[in-house]
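Overview (structure and organization)
Below, each chain spelled out in residue letters.
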Amino acid sequence: MSVILSNGAFAMAFDVLIIGAGIVGAACAVELATAGLRVAVIECDTPGSGATAAGMGHLVVMDDSEAQIALTRYSQILWHALVQDEPERYEYARTGTIWLAADEEEMQAVSQKQALYTAHAIASEVLDRVQLYALEPHLRPGLTGGLLVPDDGVVYPPRCAMVLLERAQQRGATLLYGNVVQLLPDGVQLESGERVKGEAIVIANGARARDLVPEMPIRPKKGHLVITDRYPGLLHHQLVELGYIKNAHAASGDSVSFNVQPRGTGQILIGSSRQFVDTSEIDYSILGKMLRLATSYLPDLAQCSCIRIWTGFRAATPDGLPLIGPHPHRAGVWLATGHEGLGITTSLATARLLAAQMLAQPPEIPAEPYLPARIFQEATHHE
Ligand SMILES: Cc1cc2nc3c(=O)[nH]c(=O)nc-3n(C[C@H](O)[C@H](O)[C@H](O)COP(=O)(O)OP(=O)(O)OC[C@H]3O[C@@H](n4cnc5c(N)ncnc54)[C@H](O)[C@@H]3O)c2cc1C
């Protein structure tokens, strides 16, 4: 294996060391092992137990910027191909998303959103009031309509990470357990004192990326989620308020949005909150705001029992786009992090784009918007 001997020499070397076995690291491992590289994934905890276990698993095309549409759309196509034969393995369901319009002004935003989706060949359907309540009868009365995006779906993220990791291992990748504490010119140093040798290093440890690359401008953005007991039939689609986009991308300050998801079990997953804080404790003040907002849209939720509450950290970049590609100033170091609230959706596209760059092959979509160099230049500029 790759671990070093007691005399300090490396016992075995890899072509690529991927740090972090969340969904992003696991997806990268599949692509790189499939290309024939000798890959090791190094994980300090249970694979998939970081943000991947905390996330909602909504596979969603988001339209905050052209680059975001391109990446989420590309990744959604990859997800559809991945899950089509065995959807249950990924706990995949094509729930669709309904973006809810509370008034006429938000209905105008629905029209704009549909025009944008149509321009990008993404299917969507404007719902009037009657159509909306036919699809989701438990919504509060008085909403104006919405936009149905039928090809969005949901998965169970930690399960997907495990399936991807198994696939990578079947293709020759090695999973190593250890806490990486330092990058070396020819590998990494583990907390145990062992060293693992690798030609290239992929930083895929999510919101903890700065532990290893401190100059990286990533901030952990905390989120709360709540899951209910089983209430089959209460909800059929992922429902999101149209105000979500402006709340989700607020550069500072706390925010909550209405975002609920039907699970295959009949449970309802309730989100979401955003805070730039680094303590994982439940903040009952913001949780209360989040649940009050949720019950204002879906009043029957107030009668439901919640069985678990948890928090997780999104890896937020200054421009809301992930970092996929080479570190501009450290040879052999590659980044696959900064996915904020979309890393489940964009994991597969990230892995494809990263592998294309590492293998010097043409990417299937332009890689430039996600190159780390843009952010490091910006960070330097602001110093
Ligand atoms: C509340 C919430 C809701 C979300 N909802 C959605 C959603 O609906 N849809 C969506 O697309 N995305 C969503 N996300 C975002 C998504 O969960 C993340 O973007 C994604 O999981 C990031 O995956 P990752 O593999 O980069 O990071 P992680 O899952 O955090 O994996 C990193 C791994 O690295 C390991 N690690 C860290 N440091 C080291 C080290 N030094 N040495 C070894 N191992 C290390 C960790 O143990 C961890 O397993 C949500 C996130 C949150 C918090």
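Residues numbered from 1 in each chain as written. Predicted model: local features only at pLDDT ≥ 70, side-chain atom pairs only at ≥ 80, totals over all residues.

Here we take up the site of the ligand. By nearness alone, 42 residues border the ligand, and G22, G50, G55, G206 and G343 come closest of all. Secondary-structure elements contributing two or more residues to the shell around the ligand are α1 (23-34), β2 (39-43), α2 (51-54), β12 (219-230), β15 (267-274), β16 (306-316) and α9 (343-358). Residue composition of the shell around the ligand, grouped by class: 16 nonpolar, 21 polar and five charged. A domain-level breakdown of the shell around the ligand finds at least three residues from each of domain 1 (13-53 + 157-217 + 320-382) and domain 2 (93-153 + 219-316). (Near = placed C-beta within 6 Å. Helix = DSSP H or I, 4+ residues; strand = E, 2+ residues; numbered from the N terminus. Nonpolar A, V, L, I, M, F, W, Y, C, P; charged D, E, K, R; others polar. Domains from an automatic or database assignment.)

Moving on: the packing of helix α3 (residues 66-83) against α9. In contact at an axis separation of 7 Å, α3 and α9 are set at 95° when each is read in the N-to-C sense. The angle between α3 and α9 places the two elements in the roughly perpendicular class. Contacts from L71, T72, Y74, S75, Q76, L78, W79 and L82 of α3 reach α9 at T345, T346, L348, A349 and R352. (Axes fitted to C-alpha atoms, helices over the stretch in contact; angles between N-to-C directions. Parallel < 35°, antiparallel > 145°, perpendicular 65-115°, else oblique. Contact = placed C-beta atoms within 7 Å.)

Take the domain arrangement of the protein next. For the protein, the assigned domains read domain 1 (13-53 + 157-217 + 320-382) and domain 2 (93-153 + 219-316). Look at where the C-alpha atoms of domain 1 and domain 2 centre, and you get two points 29 Å apart. Listed by partner, the interface residues are ten residues for domain 1 and nine residues for domain 2. Residue classes in the side of domain 1 that touches domain 2 are distributed as three nonpolar, six polar and one charged.

So, about the environment of A54. Summarising the element assignment, A54 is placed in helix α2. Each C-alpha atom of the pair A54 and G36 lies 32 Å from the other, and the pair is 18 residues apart in sequence. Dropping the residues within four chain positions of it, A54 is found in contact with L225, W310, T311 and G312.

With that settled, consider the pairing of strand β13 (residues 238-241). With burial as the criterion, each face of β13 is covered, one bearing Q238 and V240 and the other bearing L239 and E241. As paired elements, strand β4 (residues 97-101) and β13 share four bridges and run parallel to each other. Paired with W99 across the two strands is V240, which belongs to β13. Direction of pairing for β13 relative to strand β14 (residues 255-262): antiparallel, over a ladder of two bridges. Note on β14: the bridge partner recorded for L239 is V260. (Buried ≥ 20, exposed ≤ 12 C-beta atoms within 10 Å, placed from the backbone. Pairing = 2+ DSSP bridges.)

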